[in-house]
Amino acid sequence: MTSSNIQNILLTGGAGYIGSHTAVALSQTGHRIFIFDNFCNSDRGAVKRIEAIIGRPIVVIEGDLRDTALLTQTLQTHQINAVVHFAGLKAVGESNRIPVEYYANNVQGTISLLQAMQKADNHPKTFVFSSSATVYGDPKYLPIDEAHPLAATNPYGRTKHHIEEILGDLAKSDPAWRIACLRYFNPVGAHDSGLIGENPNGIPNNLMPFVAQVAVGKLAQLSVYGDDYDTPDGTGVRDYIHVMDLAEGHVAALNYLTTHDGFHVFNLGTGRGYSVLEMVKAFEAASGKSVPYKIVPRRAGDIATSYASVAYATAELNWHAKRNLKDMCESGWKFQHMTAKSS
């Protein structure tokens with residue numbers, strides 16, 4: 001990367017699971033990273049571990065995304081060129097219980113961020129948004145491509161859909177904006193160092209940290225939400241992608257936006273699905289530990305099968321997932337094992 005391509009990049013929610021891995025990937029390609037986080041579901045210690053991996057300090061601004069004045073000041077003070085927006089609440093089940101909190105944090109927070117970008121003296125207009133495959137809802141066909149109809153089945157997914165609509169309208173109103181919406185499928189795994197990974201506060205909402213915490217003995221057993229889906233073993237099938245492949249997708253998206261203005265949408269996945277029980281077996285093989293589980297009722301808003309078509313991202317971003325299921329499970333176990341030893 002030439003010095004002219006190096007950017008000052010603000011990562012909202014940059015201390016979280018995907019944000020921390022993307023901070024590493026961007027730093028290792030030469031970009032200067034700044035993290036904005038309120039640490040409501042992330043660990044302050046993650047910043048030190050990111051710094052240990054990349055070998056240099058990171059500026060961290062602690063604040064709420066709805067504090068437009070603080071965001072504006074941050075963008076100006078650090079002469080931010082691009083924003084990668086991860087910050088937001090992200091648990092499907094929880095979003096059904098407290099939908100207003102989800103709309104306030106995710107939609108209102110994003111509006112605040114965009115207003116800050118418009119107010120800042122330096123007017124940064126490059127924006128990568130952390131969207132989700134939940135915007136597609138129950139698939140009409142598989143694999144799911146970017147043209148698939150959007151019909152989210154839960155408040156979390158609807159917040160992502162609303163934000164995408166806002167970003168599309170913004171790009172139409174001002175051709176100077178360069179926006180990429182990255183629709184993630186199911187990120188799992190950890191950095192090879194074992195220093196950063198998915199370590200949510202409280203009981204995990206996502207499958208793999210739950211599996212890992214059972215394997216390490218922190219939790220007694222895994223709850224499998226439903227075994228009566230129309231899938232080979234009755235459990236839900238998802239497209240799991242290694243978090244470092246996902247992080248590298250953000251690097252590719254930022255590179256793409258240097259030569260493409262307007263609004264762009266990309267699926268980031270592997271293009272194939274694994275069931276919950278397949279993931280459990282793979283993790284048992286990687287860890288050498290048993291993962292006892294119990295079948296519990298389905299969660300509202302969950303669907304049977306979801307996996308991506310990644311042809312568009314491969315063609316346009318020159319990116320594809322390189323790591324396999326074994327890599328996902330081994331890196332996730334290494335992180336969980338190291339975390340358990342240090343706690």
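Residues numbered from 1 in each chain as written. Predicted model: local features only at pLDDT ≥ 70, side-chain atom pairs only at ≥ 80, totals over all residues. Heavy atoms only, no water.

**Q** Explanation requested: the sheet that holds strand 3 (residues 59-62) in the structure shown.
**A** Sheets are built from strands paired through backbone hydrogen bonds, the pairs being either parallel or antiparallel. With parallel pairing, seven strands are arranged side by side in an open sheet as 3-2-1-4-5-6-11. Sheet topology places strand 3 and strand 11 (262-268) at the edges, where each strand pairs with a single neighbour. On average, each strand axis in the sheet is inclined to that of its neighbour by 20°, with strand direction left out of account. Where strand 2 (residues 32-37) meets strand 3, four bridges bridge the pair, whose relative direction is parallel. Of the residues in strand 3, the one forming a bridge with Asp 37 is Glu 62. In the packing of helix 1 (residues 17-27) onto the sheet, the strands contacted are strand 1 (8-12), strand 2 and strand 6 (178-184), and the crossing angle to strand 1 comes to about 170°. (Pairing = 2+ DSSP bridges. Helix = DSSP H or I, 4+ residues; strand = E, 2+ residues; numbered from the N terminus. Axes fitted to C-alpha atoms, helices over the stretch in contact; angles between N-to-C directions. Contact = heavy atoms within 4.5 Å.)

**Q** When you look at the packing of helix 7 (residues 207-215) against helix 9 (residues 276-287) in this model, what are you seeing that I'm missing?
**A** It is at 11 Å that the axes of helix 7 and helix 9 come closest, and there the two elements cross at 40°. Relative to helix 9, the element helix 7 is oriented oblique. Handedness of the crossing formed by helix 7 with helix 9: right-handed. Contact residues: Leu 207, Met 208, Val 211, Ala 212 and Ala 215 in helix 7; Val 276, Met 279, Val 280, Phe 283 and Ser 287 in helix 9. Among the residues forming the contact of helix 7 with helix 9, the class breakdown is nine nonpolar, one polar and no charged. (Parallel < 35°, antiparallel > 145°, perpendicular 65-115°, else oblique. Left-handed = near helix turned anticlockwise from the far one by under 90°. Nonpolar A, V, L, I, M, F, W, Y, C, P; charged D, E, K, R; others polar.)

**Q** I would appreciate a short explanation of the nonpolar core in the present structure.
**A** Looking at soluble globular proteins, one finds that nonpolar side chains tend to be buried together. Of all hydrophobic cores here, the largest spans 38 residues; its most connected members are Ile 9, Leu 11, Ile 33, Ile 50 and Leu 182. Top element by residues in this core is helix 8 (residues 243-257). It accounts for ten residues. Those residues in contact with Ile 9 that lie beyond four places of it in its chain are Leu 26, His 31, Arg 32, Ile 33, Phe 34, Ile 80, Ala 82, Val 84 and Leu 254. With 25 residues, the next largest nonpolar core counts Leu 75, Val 107, Phe 129 and Ile 163 among its residues. (Core = buried A, V, L, I, M, F, W, Y, C linked by side-chain atoms within 4.5 Å. Buried < 20%, exposed > 50% of the residue type's maximum accessible area, 1.4 Å probe, protein only.)

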